[in-house]
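Listed below are the residues making up each chain.
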Amino acid sequence: MRNAAADAPVLPNQAAPGVMARIPGGTFLMGSDYHYPEEGPAHPARVGAFDMDVTTVTNAQFAAFVAATEHVTVAERPLDPALYPGADAAMLAPGALVFRMTEGPVDTRDISNWWHWTPGAHWRAPEGPGSTIEGREDHPVVQVAFEDAEAYARWAGKELPTEAEWELAARGGLEGAEFAWGDELAPGGQHVANTWQGPFPWRNFATDGFERTCPVRSFPPNPYGLHEVCGNVWEWTTDWWAAQHAADPKKPCCAPLNPRGPAIEGSFDPAQPAIRIPRKVVKGGSFLCAPSYCRRYRPAARHAQMVDTGMSHIGFRCIRRHAASA
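Rules used throughout
- Residues numbered from 1 in each chain as written.
- Predicted model: local features only at pLDDT ≥ 70, side-chain atom pairs only at ≥ 80, totals over all residues.
- Heavy atoms only, no water.
- Pairing = 2+ DSSP bridges.
- Helix = DSSP H or I, 4+ residues; strand = E, 2+ residues; numbered from the N terminus.
- Disulfide = S-S within 2.5 Å.
- Core = buried A, V, L, I, M, F, W, Y, C linked by side-chain atoms within 4.5 Å.
- Buried < 20%, exposed > 50% of the residue type's maximum accessible area, 1.4 Å probe, protein only.
- Contact = heavy atoms within 4.5 Å.
- Phe/Tyr/Trp six-rings, centres within 6.5 Å; stacked < 30°, edge-to-face > 60°.
- Lys NZ or Arg CZ within 6 Å of the ring centre and 35° of its normal.
- Salt bridge = Lys/Arg side-chain N within 4 Å of Asp/Glu carboxyl O.
- pLDDT = per-residue confidence, 0-100.
- Polar contact = N/O pair within 3.5 Å; in protein donor to acceptor, adjacent residues only side chain to side chain.
- Axes fitted to C-alpha atoms, helices over the stretch in contact; angles between N-to-C directions.
- Parallel < 35°, antiparallel > 145°, perpendicular 65-115°, else oblique.
- Nonpolar A, V, L, I, M, F, W, Y, C, P; charged D, E, K, R; others polar.

**Digging into the sheet that holds strand S9 (residues 302-306)**
Okay, so step 1: Pairing is mixed across the open sheet formed by four strands, whose spatial order is S9-S8-S7-S10. Whereas interior strands pair on both sides, the edge strands pair on one side only; in this sheet they are S9 and strand S10 (314-315).
Okay, so step 2: Inspection of the sheet shows strand S7 (residues 234-240) paired to strand S8 (residues 279-283) by three bridges, in the antiparallel sense. Across the sheet, residue tryptophan 240 finds its bridge partner in S8, namely lysine 280.

**Concerning the state of the cysteines**
Okay, so step 1: Scanning the model with the defined rule gives zero disulfides in all.
Okay, so step 2: Cysteine 289 provides the cysteine sulfur closest to cysteine 230, a residue in no disulfide bond, and the two sulfurs are 9.3 Å apart.
Okay, so step 3: A disulfide-free cysteine, cysteine 289 has its sulfur positioned 3.2 Å from the sulfur of cysteine 294, the nearest such atom.

**Description of the nonpolar core**
Okay, so step 1: Ranked by size, the top nonpolar core spans 63 residues in total, and within it Ile23, Phe50, Met52, Phe62, Leu226 and Phe316 carry the most contacts.
Okay, so step 2: Broken down by secondary-structure element, the contributors of at least two residues to this core are strand S1 (20-23), strand S2 (26-30), strand S3 (43-47), strand S4 (50-53), helix H1 (59-69), helix H2 (146-155), helix H3 (163-171) and S7.
Okay, so step 3: Each residue touching methionine 52, except ones within four places of it in the same chain, is listed here: Val19, Met20, Ala21, Ile23, Pro161, Trp166, Ala169, Leu226, Arg317, Cys318 and Ile319.

**Some details on the packing of aromatic side chains**
Okay, so step 1: Throughout the structure, instances matching the rule amount to 18 aromatic pairs.
Okay, so step 2: Note on phenylalanine 62 and tryptophan 123: the rings are 5.2 Å apart at their centroids and 70 degrees apart in plane angle, and the pair reads as edge-to-face. On the criterion of sequence distance, the pair formed by phenylalanine 62 in helix H1 and tryptophan 123 in the loop between strand S6 (115-119) and H2 is long-range, its members being 61 residues apart. Each member of the pair, phenylalanine 62 together with tryptophan 123, is buried.
Okay, so step 3: Aromatic ring contacts, followed pair by pair, group Phe62, Phe65, Trp123, Tyr152, Trp155 and Phe316 into a single cluster.
Okay, so step 4: The residue whose ring lies beneath lysine 280 is tryptophan 240, and the NZ or CZ to ring-centre distance is 3.6 Å.
Okay, so step 5: Taking NZ or CZ as reference, arginine 296 lies 3.7 Å from the ring centre of tyrosine 36, over its face.

**Remarks on the pattern of salt bridges**
Pairing between side chains becomes possible if they bear opposite charge and their charged atoms approach one another.
Okay, so step 1: According to the stated counting rule, one finds 15 salt bridges in the structure shown.
Okay, so step 2: Linking glutamate 127 and arginine 136 is a salt bridge whose minimum nitrogen-to-oxygen distance equals 2.8 Å.
Okay, so step 3: Look at glutamate 127 and you get partly exposed, because its relative accessible area is 25%.
Okay, so step 4: Among the charged side chains, a salt-bridge network with shared partners connects Glu163, Glu167, Arg171, Lys283 and Arg302.

**Some points on H3**
Okay, so step 1: Within H3, nine of the nine residues are buried, which leaves the element mostly enclosed by the surrounding structure.
Okay, so step 2: By the burial criterion, the buried members of H3 are Glu163, Ala164, Glu165, Trp166, Glu167, Leu168, Ala169, Ala170 and Arg171.
Okay, so step 3: Glycine 172 lies just past H3 and shows a positive phi near 60 degrees.

**Some words on the environment of tryptophan 234**
Okay, so step 1: Structurally, tryptophan 234 is set in strand S7.
Okay, so step 2: On the accessibility criterion, tryptophan 234 (4% relative accessible area) is buried.

**Some words on the confidence of the model for the chain**
Okay, so step 1: For the chain, the mean per-residue pLDDT works out to 90, and 91% of the residues sit at or above 70.
Okay, so step 2: When the criterion is pLDDT under 50, residues 1-16 qualifies, and its contacts beyond four places in sequence or with other chains add up to 35 contacts.

**Focus on the side chain of threonine 213**
Okay, so step 1: Position of threonine 213 among the secondary structure elements: in the loop between H3 and S7.
Okay, so step 2: Overall, the relative accessible area of 12% leaves threonine 213 in the buried class.
Okay, so step 3: A distance of 2.8 Å separates the side chain of threonine 213 from the side chain of histidine 139, its partner in a polar contact.
Okay, so step 4: Beyond its immediate sequence surroundings of up to four residues, threonine 213 is in contact with His139, Pro140, Asn194, Asn232, Val233 and Phe287.

**A few points about the packing of H1 against H2**
In a pair of packed helices, the angle between the axes and the distance between the axes together describe the arrangement.
Okay, so step 1: Taken N-terminus to C-terminus, the directions of H1 and H2 make an angle of 80 degrees; their axes are 11 Å apart at the nearest point. Our classification of the angle between H1 and H2 gives roughly perpendicular. Counted together, Gln61, Phe62, Ala64, Phe65, Ala68 and Thr69 of H1 and Asp148, Ala151, Tyr152 and Trp155 of H2 form the full contact between these two elements.
Okay, so step 2: Residues that form the contact of H1 with H2 fall into these classes: seven nonpolar, two polar and one charged.

**Observations regarding unusual backbone geometry**
Okay, so step 1: Note that the residue after glycine 40, namely proline 41, is joined by a cis bond; omega there is -10 degrees.
Okay, so step 2: The step from phenylalanine 200 to proline 201 runs through a cis peptide bond, and the omega angle for that step is 0 degrees.
Okay, so step 3: Secondary-structure assignment places proline 201 in the loop between H3 and S7.
Okay, so step 4: Positive phi, close to 50 degrees, is recorded for alanine 206, a residue that is not glycine.

**Some details on the environment of glutamate 235**
Okay, so step 1: Within the secondary structure, glutamate 235 is located in strand S7.
Okay, so step 2: Those residues in contact with glutamate 235 that lie beyond four places of it in its chain are Thr56, Trp166, Glu228, Val229, Val281, Val282, Lys283, Gly315, Phe316 and Arg317.
Okay, so step 3: A polar atom in the side chain of glutamate 235 sits 2.9 Å from the side chain of tryptophan 166.
Okay, so step 4: Only 2.9 Å separates the side chain of glutamate 235 from the side chain of arginine 317, close enough to count as a polar contact.

In structure tokens:
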């Protein structure tokens with residue numbers, strides 16, 4: 001069994017934006033044919049070399065960006081009624097989706113049992129009015145929509161990764177491994193990611209030490225030096241969502257270089273035809289992923305996220321492409 005986390009290099013502490021790890025380019029097997037249907041088909045993908053933030057962007061880093069630019073996040077602005085036909089006016093107030101643990105077992109097919117639209121929730125108050133990021137300055141910033149993540153990346157002189165770039169980096173060179181650190185979820189009985197332990201969504205034993213987000217660098221990095229690349233928070237990518245990967249050539253030599261994902265037209269949610277909000281791919285799983293419900297704390301895992309919606313388990317990290325790879 002592979003477990004590279006224990007032997008991975010310990011990088012200097014991220015005291016400010018700009019600490020990045022070099023991710024070598026190359027061809028890798030992207031996706032999976034053995035987990036959720038949207039992860040297939042597994043196919044060769046090629047990406048050029050780039051640098052990636054060793055951690056997700058923290059509350060402190062995002063606060064510096066807001067102070068410098070006076071950026072107002074999507075969650076802090078009123079919603080456009082034209083985009084949400086038939087919505088209750090009270091639901092159009094500024095806010096975001098907040099996870100709330102249930103009191104007991106519920107139907108896990110209905111996410112409204114634990115996700116609640118919360119007016120007043122935003123990055124400074126991630127659980128809604130009365131909550132704060134005080135004391136959580138080194139936690140990932142959450143409740144940021146795609147637009148907010150892009151704005152931060154531009155300010156920092158960086159970009160957001162494509163899905164292929166993100167997955168290559170998360171795999172850390174461990175070709176074919178199930179997780180970013182090897183083949184076992186908890187090698188040697190030790191937790192190496194912030195996930196959910198217990199029956200979801202009503203009891204979290206938190207044996208990994210965290211019930212919600214954890215500070216960045218709480219767990220060992222993957223072989224490329226990236227901390228919490230799986231678990232803790234989902235991470236935005238620039239690719240539009242599609243229900244499956246495109247059928248790419250079977251030969252690695254023929255894989256397209258730096259694929260940029262599908263067209264926007266296919267990203268809309270067919271279950272909500274009246275709501276024309278496109279969706280991006282988010283990667284990596286979060287502290288809400290549990291073996292009993294959502295085994296998405298893996299590099300191949302992917303999920304659809306509307307670009308306008310902040311949530312209490314989605315953040316991001318940035319990249320800087322090398323000139324020859326852009």
